[in-house]
Amino acid sequence: MEKKILSGNEAIARGAYEAGVNLAVGYPGTPSTEILENMSRFKDEVYCEWSPNEKVAFEVAAGASLSAARCLVTMKHVGLNVAADPLMTLAYTGVVGGFVACVADDPGMHSSQNEQDTRHFARFAKVPLLEPSDSQEAYDFMKLGIELSEKFTIPVILRSTTRISHSRGQVVLGKRQEAERPIGFEKDPPRFVPVPVWGRKMRIRLEEKLEKMRALVNRHPANRIEWRERKLGIVASGIAYQYAREVFPEASVLKLGWSFPFADDLIREFCSGVEQVLVVEELEDILEEHIRALGIDCIGKEVVPAIGELSTDVLLASRARLEGRQATEPQTSVLPEVEDLPARPPVLCAGCPHRAVFYALGRFDVVVTGDIGCYSLGTFDPLNRIDTILCMGGGVSMAHGMDRAGDPRPVVGIVGDSTFFHSGITGLLDIAYNRGGSTTIVLDNRTTAMTGHQCNPGTGTTLMGEKVQAASIEAIGKACGIENVVTLDPYKMEDCMDVLKQAIESPEAWLIVVRAACPLHARKKLGSTLRVDEGRCIACGKCLNLGCPAIEGGGGKPRVNPLLCSGCGMCRQVCPVDAFVDGEEACHD
Amino acid sequence: MTEQGVTSVVLVGVGGQGILLGSEIIAEAALLAGFEVKTNEVHGMAQRGGSVIAQIRYGREVFGPLVPVGSAQVLASLEKIEALRFHRFLAPDGVAVVSKQEIVPVTVSGGKATYPQDADQRLERVFPRLLCVDALEIAERLGSPRSANVVVLGALSGYLALDNAIWEEAMRLRVKPQFLDVNLQAFSAGQELAR
Ligand SMILES: Cc1ncc(C[n+]2csc(CCOP(=O)(O)OP(=O)(O)O)c2C)c(N)n1
Ligand code: SF4
């Protein structure tokens, strides 16, 4: 029996491999990204790809499933919004090869723009929902997902959360078992073509499948009652189960692993066996609302917060509220030694090419509609040059909207390369088609950096490690009908300024592709380490406007942290007195 | 109300300092020692130079992966003020192992805040049991400044009841072969400091 420490994401990948998954696809997004990265280690037996976006990934998996392949598709919670269209109807047509969509939520918004709860989607689409509470279950439920999906010919959602995906724990491993059915699509239009006449029948079949699942879900081992004291009974799913066990060790627990369709009989049995029912769920009150609808009295969001993530500490406070005690908020009194600590927010790395563009944009009176990626960090001081962020691709189309609304200032939309391929292209097409005048900047750092440097259609490499033709952003822009297309080297800051001026002042649409590899990904220095020549420095603070983490200020003359300096030389270009000199030179002085 | 017999360790620092590796090695060591282990690490946004935290818990039975406030036996920090920032996790009788490295946050460079000049005194006031280590200096002397994290790991290992052989095996399992030797050296240099 092999036992290993795996993160939830590694466990899901391993489970998928053992479940005989033939195809694993997705689009990166914290906290889901490492599932596919780990999957690609099995590339000899499993086809893996990063698709351009979640909708495409979902459809690729849907197609493969109808050809009887077992499939895994991964994404973060907001990715399912993008893939919602295929999900809603795949639930109608049903699947052939096992189909699991692993969707990772981010309660607490550690790395996300919102805190939506994927469990709503399972109920919305009427598909089974599995919620692991640790790495072992992440692995087990991935396999269970494939099994249920084939048994009921329906897509299954495996919902992870940040603390499942990025926590490690032991997992007992097994062997890979492939499907017996050979790959091959079998034509059956009434089953796979949801034109109204057949779609209406599918609608009914979906309800029938749910009915069959209801019979099983009440006695399935993924759902269990743990009887302890009968005074308090806790209903919990996912990671909330772990916190509940820790904070209420004496309480009976109904642990729901297969949490939709609701296990009504089991819920009734449990609730009638305890004096008081407490529902502990992270984010929305989905279980609570349903239990109330069954006519059962329970406590939930009165004491367990609906906003933010749960933890043992949060639940300790809930317990105090439940028992009518003053919540002894842990360490409410802040020590004077820590009260005034400087915040340490994330920043663009030293040498990051994005920095040059934000610095340049700081010289213009424009509105900048930004997007999601490392470059979101251009929002903060001292760069402070992103004005809006909505969703992936939104940077391009929102600029067009402001421009067409007649905003008095010129508008610039900014997206990264991965984001451009994800959903920026359609926005650009709109600008060209409807003759807009906004400027689109694609920050092409040759990678999907924010999520940990994945390849994308523009990088010329694939998840399986193949070399392929790289898609050209410039050629796509031209094909859309954009006439002014320019490519820039961000480390030449004056060029950036000149081209930006021209584009911003022009009434026509421009596409500016700013190209330089992310130095953190390329893992090479851009030049020699610099230092500040104190004799020359006049302490004007201009270099500090770059917001480079390697330039340490805070009163007096700045100094360069040699451990962080990438040698990009931007500081050299903004310093009015040439105070930045090669570090090597320093030794000769 | 936390479980009996669970050992909790919190590792903090600045994104990019190698917190993840430290947490993986501790987890591996605890597993080798026959414990149930759960860890949690920060990925994504915060790794771009922000404050980061990794949490490790092991014992006979562990439920949540998050360390409750005031319960960590050891708090190890790769940067001075990050130790202060996350001090609340440490148990009253816990040990703080702090690298003497100072990394200036952008908020300070931008003139929005100041880096406390009295960081050392603050550390002494906040942590009754404190071990400050010259982790970066030691790692640089070994020719591998990136191994400062492992020096700190070596120092904190002195406060966890896990055998040396286990630590070595855990390092072997988690460190890339080409960096193993220097990291084993960094580890024992750290261990020396905790003596
Ligand atoms: C719909 C959706 N999918 C995925 C993500 C996660 N995500 C955030 S940024 C990003 C990639 C950004 O890559 P790129 O545009 O190339 O910018 P970079 O980080 O390289 O600067 C991803 C995938 C998201 N926020 N929304
Ligand atoms: S990872 Fe790359 S793209 Fe992201 S901030 Fe760092 S240098 Fe810039």
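## Remarks on the sheet that holds strand β14 (residues 367–369) of chain A
Residues and elements named next belong to chain A. Across the sheet, which stays open at both edges, the five strands sit in the order β14-β15-β16-β18-β17 with parallel pairing between neighbours. Unpaired on one side and paired on the other, β14 and β17 (484–488) mark the two borders of the sheet. Between one strand axis and the next, the sheet turns by 20° as a mean value, whatever way the strands run. Both strand β15 (residues 411–416) and strand β16 (residues 439–444) contribute to a ladder of five bridges, which runs parallel. Looking at the pairing, Ile 414 lines up with Ile 441 of β16. Helix α19 (residues 473–480) contacts β16, β17 and β18 (510–515) of the sheet and is inclined by roughly 175° relative to β18.

## Section: the sheet that holds strand β2 (residues 36–41) of chain B
Across the sheet, which stays open at both edges, the eight strands sit in the order β1(A)-β8(A)-β2(B)-β3(B)-β1(B)-β4(B)-β5(B)-β6(B) with mixed pairing between neighbours. The sheet is open, and its two borders are formed by β1 (3–7) of chain A together with β6 (130–133) of chain B, each paired with just one other strand. Averaged over all pairs of adjacent strands, the angle between strand axes in this sheet comes to 20°, irrespective of strand direction.

## Some points on the site of ligand 1
All names here are of chain A. Lining the immediate environment of ligand 1, one finds 26 residues, of which Glu 54, His 354, Asp 417, Thr 419 and Ala 449 sit closest. Here an oxygen atom of ligand 1 sits 2.8 Å away from a polar atom, N or O, in the side chain of His 354. Measuring from an oxygen atom of ligand 1, one finds a side-chain N or O atom of Asn 445 at 2.9 Å. Protein coverage of the free-state accessible area of ligand 1, which is 590 Å², stands at 97%. Where the shell around ligand 1 is concerned, the elements lending two or more residues are α4 (77–82) and α18 (417–433). Looking at the shell around ligand 1, its residues break down into ten nonpolar, 13 polar and three charged.

## Considering the side chain of Thr 419 of chain A
With respect to the helices and strands, Thr 419 of chain A occurs in helix α18. Look at Thr 419 of chain A and you get buried, because its relative accessible area is 4%.

## Notes on the environment of Ile 291 of chain A
Residues and elements named next belong to chain A. Here Ile 291 shows up in helix α13 (residues 286–293). According to the relative accessible area criterion, Ile 291 is buried, its value standing at 0%. Not counting residues up to four positions away in its chain, the partners in contact with Ile 291 are Val 235, Ile 267, Val 279, Ile 296 and Cys 298.

## Quick notes on helix α10 (residues 196–217) of chain A
With 22 residues, α10 of chain A extends 31 Å between its outermost C-alpha atoms, agreeing within 8% with the 32 Å of an ideal straight helix rising 1.5 Å per residue. Those residues of α10 of chain A hidden inside the fold are in contact with α5 (84–93), α6 (119–125), α7 (135–152), α9 (189–192), β9 (223–226) and β12 (258–260) of chain A.

## A closer look at the interface of chain B and chain A
In this assembly, 58 residues from chain B lie in contact with 57 residues from chain A. When chain B packs against chain A, the two sides together hide about 4,900 Å² of surface, and 58% of this comes from carbon and sulfur. Counting the contacts that link chain B with chain A gives eight salt bridges. The tally of links from chain B across to chain A stands at 27 residue pairs in polar contact (both at pLDDT 80 or more). Listed by contribution, the elements that provide at least two residues to the side of chain B that touches chain A are α1 (19–32), β2, β3 (51–59), α2 (80–85), α3 (106–109), α4 (119–126) and α5 (135–141) of chain B. Per element, the largest residue contribution to the side of chain B that touches chain A is six residues, and it comes from β2 of chain B.

## Re the domain arrangement of chain A
Structurally, chain A comprises domain 1 (2–217), domain 2 (223–322), domain 3 (354–522) and domain 4 (530–582). If you average the C-alpha positions of domain 2 of chain A and of domain 3 of chain A, the two centres end up 46 Å apart.

## A look at the environment of Val 217 of chain A
Residues and elements named next belong to chain A. The residue Val 217 is located in helix α10 in this model. Taking C-alpha positions, Val 217 is 8.6 Å from Leu 266, a pair spaced 49 residues apart along the chain. Discounting residues that sit within four places of it in the chain, Val 217 has contacts with Asn 223, Trp 258, Pro 261, Phe 262 and Ala 263.

Scoring rules and cut-offs
- Residues numbered from 1 in each chain as written.
- Chains lettered and ligands numbered in written order.
- Predicted model: local features only at pLDDT ≥ 70, side-chain atom pairs only at ≥ 80, totals over all residues.
- Heavy atoms only, no water.
- Pairing = 2+ DSSP bridges.
- Helix = DSSP H or I, 4+ residues; strand = E, 2+ residues; numbered from the N terminus.
- Axes fitted to C-alpha atoms, helices over the stretch in contact; angles between N-to-C directions.
- Contact = heavy atoms within 4.5 Å.
- Near = heavy atom within 4 Å.
- Polar contact = N/O pair within 3.5 Å; in protein donor to acceptor, adjacent residues only side chain to side chain.
- Areas by Shrake-Rupley, 256 points an atom, 1.4 Å probe, with all protein chains shown as cover.
- Nonpolar A, V, L, I, M, F, W, Y, C, P; charged D, E, K, R; others polar.
- Buried < 20%, exposed > 50% of the residue type's maximum accessible area, 1.4 Å probe, protein only.
- Expected span 1.5 Å × (residues − 1).
- Buried area = accessible area lost by both parts, 1.4 Å probe.
- Salt bridge = Lys/Arg side-chain N within 4 Å of Asp/Glu carboxyl O.
- Domains from an automatic or database assignment.

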